[in-house]
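# Examination of the molecular architecture
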Amino acid sequence: MNKTKPPAKPGSILPPSVDQPTDAGRRKALLAGLGAAGGVAAVGLITPTRALADPANLPPNVADWSKVLGPGVDVAPYGMPSKFEKTVVRRYVDWLTATPESSINFTPLYALDGMVTPNGLCFERHHGGVAEVIPDDYRLMIHGMVERPLVFTYQDLKRFPPQSRFYFLECAANGGMEWRGAQLNGVQFTHGMVHCVQYTGVPLRTLLEEAGVKPKAKWLLVEGGDSAGMNRSLPLDKALDDCMVVYSMNGERLRAEQGYPIRLVVPGFEGNMWVKWLRRIEVGDGAWMAREETSKYTDLMPDGRARRFTWEMDAKSVITSPCPELPCKQKGPQVIKGIAWSGRGKIARVDVTVDGGRNWHQARLEDPVLPKCLTRFYLDGWSWDGNPAYLQSRAIDETGYVQPEMAALQAVRGVNSIYHNNAIQTWRINPTGEVENVRLA
Ligand code: MTE
Ligand code: CO
């Protein structure tokens, strides 16, 4: 489906483009007359932005901050971002849930660079509020079909040989409001139930080997110590593969809202399985059919049946700039920025279109490109001419899986789903430069 065209001639800064998806023809009428908005052209000179500024602080004058001694060390023993960045925070949508204790807030994806999410900006999803676990009173119990039932303290867990790994976590409900049409006007809200950090902890395999899993065991029940006591069944194969029991994120101890002192990491699987405030692991020979894998986190199909145990997160991507929060302030060169991820491994390629899918251009992937992580991509050579433009990105992972259009996803799954929406997102740039969440049909 994605036949790659020959790369642009050497020396050209045109990104090599790929063939348009097969169903793009039906959009031709809609997109006719867009003219040059679809073109990805050479990067021109970037004109400096004339922002509101106090002339007294501008060159050749000596700025105010250069004339005084600044605060000394230790004014903020735990540092915070610059006060000028105070709007960059997690946000929630109050009509989405009945209470803030069983709710969600969203990562401000538009304001972030690279592939790591700062700890204080990782979205939160709690079913019973944030548990305040006292580390000295914390215990992790492993029991069931094991040779030696064990209870670990927090200090015990830190004595095992540690490992550190980067992984993304995405809630299965990310984009759940967008199934039937474009709803929320902001990338923070349409895609912000994802974060990517470096975890440090112990491989779950190490703890299971310590307890000695009995030969007939096939599943684990993993349970949280919060008021929701959230629990899920986890296949033993996955537990022994790459799951981790972690105490740190991005080099410091877990934040309370991310499961302090201990959470489970289930790379590539839906966020719901990454149990926070982990208190109990029971080993058994069948799935427990818990609430979160029967009534919730199943996908209701058009024929009334439900897909269940849909753990792996399919490849997905989104443009984080421009986006509704970051309109185009001026015509001319614009770097299109975004993130892509796949629960099945590495991102192999991301294509970007500025004309709603007529022409696709291969984006530049920024290092590091790690398995089951956010991958940063850029399209460098686009110049916005002031006409409407329809921006989309399409991720392809190392298994060859191609992120689908919404119509293709709905053809298979219908419109009853809440979970696992990994459809291509469209942003429309209006002539004013404002950016809107739209659905091309
Ligand atoms: N673990 C417990 N104990 N309680 C919870 O409510 N929420 C789950 C999962 N683990 C939850 C939990 C869901 S639905 C998601 S998406 C992730 O945690 C969110 O992790 P985060 O809050 O660190 O982003
Ligand atoms: Co979730």
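Residues numbered from 1 in each chain as written. Chains lettered and ligands numbered in written order. Predicted model: local features only at pLDDT ≥ 70, side-chain atom pairs only at ≥ 80, totals over all residues. Heavy atoms only, no water.

Broken down by element type, the chain carries 6 helices and 24 strands. A buried classification covers 51% of the 441 residues belonging to the chain. In the chain, once contacts between residues fewer than 6 apart in sequence are set aside, the share between residues at least 24 apart is 72%. For the chain, the accessible surface area stands at approximately 20,500 Å², while carbon and sulfur atoms represent 55% of it. (Helix = DSSP H or I, 4+ residues; strand = E, 2+ residues; numbered from the N terminus. Buried < 20%, exposed > 50% of the residue type's maximum accessible area, 1.4 Å probe, protein only. Contact = heavy atoms within 4.5 Å. Areas by Shrake-Rupley, 256 points an atom, 1.4 Å probe, with all protein chains shown as cover.)

A word on the nonpolar core. In terms of nonpolar packing, the biggest core is built from 61 residues, with Tyr199, Leu204, Leu220, Leu234 and Leu278 touching the most fellow members. Per-element tally for this core: the top contributor is strand 10 (residues 244-249), with 5 residues. Contact partners of leucine 220, with chain neighbours within four places excluded, come to Leu204, Leu208, Arg232, Ser233, Leu234, Leu236, Ala239, Ile281, Glu282, Val283 and Trp288. Core analysis: the next-biggest nonpolar cluster, separate from the first, contains 34 residues, Val318, Val350, Ala363 and Ala389 among them. (Core = buried A, V, L, I, M, F, W, Y, C linked by side-chain atoms within 4.5 Å.)

This brings us to the site of ligand 1. The local shell around ligand 1 holds 21 residues, among which Phe123, His127, Asp226, Arg263 and Lys276 are the closest. Between phenylalanine 123 and ligand 1, the recorded distance is 2.6 Å, taken from a backbone N or O atom to an oxygen atom. Residue histidine 127 places a side-chain N or O atom 2.7 Å away from an oxygen atom belonging to ligand 1. Surface burial for ligand 1 is 100%, taken as the share of its 540 Å² of free accessible area covered by protein chains. The residue inventory of the shell around ligand 1, partitioned by class, reads 8 nonpolar, 7 polar and 6 charged. (Near = heavy atom within 4 Å. Polar contact = N/O pair within 3.5 Å; in protein donor to acceptor, adjacent residues only side chain to side chain. Nonpolar A, V, L, I, M, F, W, Y, C, P; charged D, E, K, R; others polar.)

Moving on, we come to helix 6 (residues 406-413). Here helix 6 has its buried residues at Met406, Leu409 and Arg413. Projected down its long axis, helix 6 carries its buried residues within an arc of 65°, all on one side. Seen from the buried face of helix 6, the exposed residues on the opposite side, beyond 90 degrees, are Ala411 and Val412. Buried residues along helix 6 sit in contact with strand 14 (299-300) and strand 15 (306-307). Of the residues trailing helix 6, glycine 414 is marked for its positive phi of about 75°. (Arc of directions from axis to C-beta.)

Our next topic: the sheet that holds strand 13 (residues 278-284). In spatial order, the strands read 5-4-13-8-9; together these 5 strands make up an open sheet with mixed pairing. Strand pairing shows two members of the sheet lacking a second neighbour, strand 5 (150-153) and strand 9 (231-235), which therefore form its edges. Going across the sheet, the axis of each strand differs from the next one's by a mean of 20°, ignoring polarity. Across 5 bridges, strand 8 (residues 219-224) lies against strand 9 in antiparallel orientation. Of the residues in strand 9, the one forming a bridge with valine 222 is arginine 232. (Pairing = 2+ DSSP bridges. Axes fitted to C-alpha atoms, helices over the stretch in contact; angles between N-to-C directions.)

Here the focus is the sheet that holds strand 17 (residues 332-341). Spatially, 4 strands are ordered 16-17-21-20 in an open sheet, and the strand pairing comes out antiparallel. The open sheet is flanked by strand 16 (316-321) and strand 20 (364-365), the only strands paired with a single partner. Note: strand 20 against strand 21 (residues 375-384), 2 bridges, orientation antiparallel. What sits directly across from leucine 365, in strand 21, is phenylalanine 377.

Attention now goes to the environment of arginine 349. On the secondary structure map, arginine 349 appears in strand 18 (residues 347-353). Among the residues examined, arginine 349 registers a relative accessible area of 13% and is labelled buried. Measuring from C-alpha to C-alpha, the distance between arginine 349 and alanine 395 comes to 6.1 Å, with 46 residues separating the pair along the chain. A polar atom in the side chain of arginine 349 sits 3.0 Å from the side chain of aspartate 351.

By the criterion of burial, strand 21 is predominantly enclosed, with 8 of the 10 residues buried. Bridge count for strand 17 against strand 21 is 8 bridges, and the pairing is antiparallel. Residue glycine 332 lies in a different strand from strand 21, and its bridge partner there is tryptophan 384.

Our next topic: the pattern of salt bridges. Side chains bearing opposite charge may pair, as long as their charged atoms lie close to each other. In total, this model carries 22 salt bridges according to the counting rule given. Among the salt bridges present, the one from glutamate 270 reaches arginine 232, with a minimum N-O distance of 2.8 Å. Placement of the pair is glutamate 270 in the loop between strand 12 (263-265) and strand 13 and arginine 232 in strand 9, with a sequence separation of 38 residues. One salt bridge connects aspartate 351 with arginine 349, and the closest N-O pair in it is separated by 3.0 Å. (Salt bridge = Lys/Arg side-chain N within 4 Å of Asp/Glu carboxyl O.)

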